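# A look at the structure
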There are 2 protein chains.
Amino acid sequence: MPTGPQDMTNRTAFFISDGTGITAETLGQSLLAQFENIHFTKLTRPYIDTPEKAKAIVQQINAAAAKDGARPIIFDTLVNQEIRDIIASSQGFMVDILSSFLAPLEHELKERSSYSVGKSHAIGLNSNYADRIAAVNFALDNDDGARTHYYNKADIILVGVSRSGKTPTCLYMAMQFGIRAANYPLTEEDMENLRLPSSLQPHRHKLFGLTIDSERLSNIRHERKPDSRYSSYAQCEFEVREVEKLFKRENIKYIDSTHFSVEEISARILVEMGIERRLK
Amino acid sequence: MPTGPQDMTNRTAFFISDGTGITAETLGQSLLAQFENIHFTKLTRPYIDTPEKAKAIVQQINAAAAKDGARPIIFDTLVNQEIRDIIASSQGFMVDILSSFLAPLEHELKERSSYSVGKSHAIGLNSNYADRIAAVNFALDNDDGARTHYYNKADIILVGVSRSGKTPTCLYMAMQFGIRAANYPLTEEDMENLRLPSSLQPHRHKLFGLTIDSERLSNIRHERKPDSRYSSYAQCEFEVREVEKLFKRENIKYIDSTHFSVEEISARILVEMGIERRLK
């Protein structure tokens, strides 16, 4: 009888697209996450834009059906009807992402969609895209306090102890939202009588703090520098305590990154700072 | 009479969620991209998890309706019914992303979803999440040929001239898919009698090339080092030509990054290399 995760039902999910597959993947994953008692093997099949490729996918779907003893779930954003028909001939259960929503939207917007006229729609290289790459380069150039004289161009400056999650958060905000995010590490040398470094003083309104559970920080640092003072629990606990004191004294908003993903930390920071995302 | 983009219809779109808003944003943007003759002002409102926050959003929606002279489009992934009802009382046109799909999925999977039992579902910190952060750190540590002795741990090694898009692509593959991607620049010094550097020889099967239009490369480099030999069209054209020759001679698959976004380049590389995405 089922007693643990190893006994969970197995189902295969396919995310199929004639483009990158990111929309099918994102929505499909959100929907599957609502079913906690089923284990899903997730496979993305992007650029399915010929009948031949579609037929190869049908074989994969049918093989998964045989293996699982249950119909694979298919999330698709395919536009071409011939290709859709081929996939529909498989043993999968199809969830058609686009068509369900486009009819009501066409009615509301009083315009036919590219989809309903059968035109595949690639996301072009618009000016926002260039902004996002510029933001990634900004994050890389202004990482870890590498330079501080471009802080006037930053949307946000993350501060926190080493390995509290500043760099991945900055990169994510840049890549996903086009936000120019710098980060500045509060290092061991600063810890005694910790004050806000003078390079940060003129930019107080852009500062946002990250903190982290001391034990988790120690584990993360241990992977980098095993058995060092830097990674010791005592040192981590000391740094985290001093930095949190600084955040409170200086009225710097901060978030504990311990139990959040980079996506969650980034989304919360933008809300707290009142910064609007720059979307594609 | 309407003659250009400045005369396009304006509509406001809200992406509303009790979580990060990424699902609502991703699907909403894909759907809106199908309507090419309408300009959308896109606003994401994450973490709307109290009636008070929902009421504040209703005011924003109604203000946008008054400004545009048309109903804002609302894409939501809200779970709580009380909050949904408040948003529904606004003047917006609601597209309910989750509920349309969950009923058929519940039937197919023979399980009630967290959504339909009213349980908000946060994406937890699972092992895949740690993998993704590890992959980001791997990309940063192995960027731009900084070190080559960890190439045995790489899933992929991007090669190409300076500023051909290697670093953002590596970071995106890491962040989004948990792929360990290193990159190695083919520099000016290597260009005469260009051969595959010896550090790359043992890892030929992991190599993937990026190339780029010479004029675009020159523009990109110009932003970094204006009026330099490095950014001159002649130098860019020479480097691109030599590198493409190398890719062909050595049978290294490559892609022209000029007209693709980082998302598209990454998705295509994974297909070409036969690497499966490591999804959340």
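Residues numbered from 1 in each chain as written. Chains lettered and ligands numbered in written order. Predicted model: local features only at pLDDT ≥ 70, side-chain atom pairs only at ≥ 80, totals over all residues. Heavy atoms only, no water.

### Here's the deal with the overall build of chain A
Helix and strand counts for chain A stand at 9 helices and 8 strands. When the backbone C-alpha atoms are referred to their principal axes, chain A occupies close to 70 × 55 × 30 Å. Looking at chain A residue by residue over its 280 residues, the buried ones come to 54%. When contacts within chain A are restricted to residue pairs at least 6 apart in sequence, long-range pairs at least 24 apart make up 71% of them. Accessible surface, chain A: about 12600 Å² in total, of which carbon and sulfur atoms supply 48%. Of the side-chain charges in chain A, 34 are positive and 37 negative, and the distance between the mean point of each set is 3 Å. (Helix = DSSP H or I, 4+ residues; strand = E, 2+ residues; numbered from the N terminus. Buried < 20%, exposed > 50% of the residue type's maximum accessible area, 1.4 Å probe, protein only. Contact = heavy atoms within 4.5 Å. Areas by Shrake-Rupley, 256 points an atom, 1.4 Å probe, with all protein chains shown as cover. Lys, Arg positive; Asp, Glu negative; His and termini not counted. Charge placed at Lys NZ, Arg CZ, Asp CG, Glu CD.)

### Some details on the UniProt feature "binding site: ADP" (unreviewed entry) in chain A
Residue and element names in this part refer to chain A. Mapped onto this structure's residue numbering, the UniProt feature "binding site: ADP" (unreviewed entry) falls at G160, V161, S162, R163, S164, G165, K166 and T167. Relative to the elements of secondary structure, G165 occurs in the loop between β5 (156–160) and α6 (166–177). Looking at where K166 falls in the secondary structure, it is placed in helix α6. Each residue touching K166, except ones within four places of it in the same chain, is listed here: L158, V159, G160, V161, N183, Y184, P185 and L210. (UniProt positions renumbered as here; feature names shortened; annotations may be inferred.)

### Considering unusual backbone geometry
For D144(A), which is not glycine, the phi torsion reads 55° and is therefore positive. Within the secondary structure, D144(A) is located in the loop between α5 (127–141) and β5. Of note in this structure, R163(B) is not a glycine but carries a positive phi near 75°. Structurally, R163(B) is set in the loop between β5 (156–160) and α6 (166–177). On the basis of relative accessible area, R163(B) is assigned to the partly exposed category, the value being 27%.

### Comments concerning the confidence of the model for chain A
Confidence in the prediction for chain A averages 91 pLDDT; 93% of positions are at 70 or higher. Both scores are available for the predicted complex, with the pTM at 0.91 and the ipTM at 0.90. (pLDDT = per-residue confidence, 0-100.)

### Observations regarding the environment of K53(A)
Residue and element names in this part refer to chain A. Residue position: K53 is located in helix α2 (residues 51–68). Counting along the chain gives 33 residues from K53 to I86, while the straight-line C-alpha distance between them is 9.9 Å. Non-local contacts of K53, meaning those with residues more than four positions away in its chain, are made with Y47 and I48.

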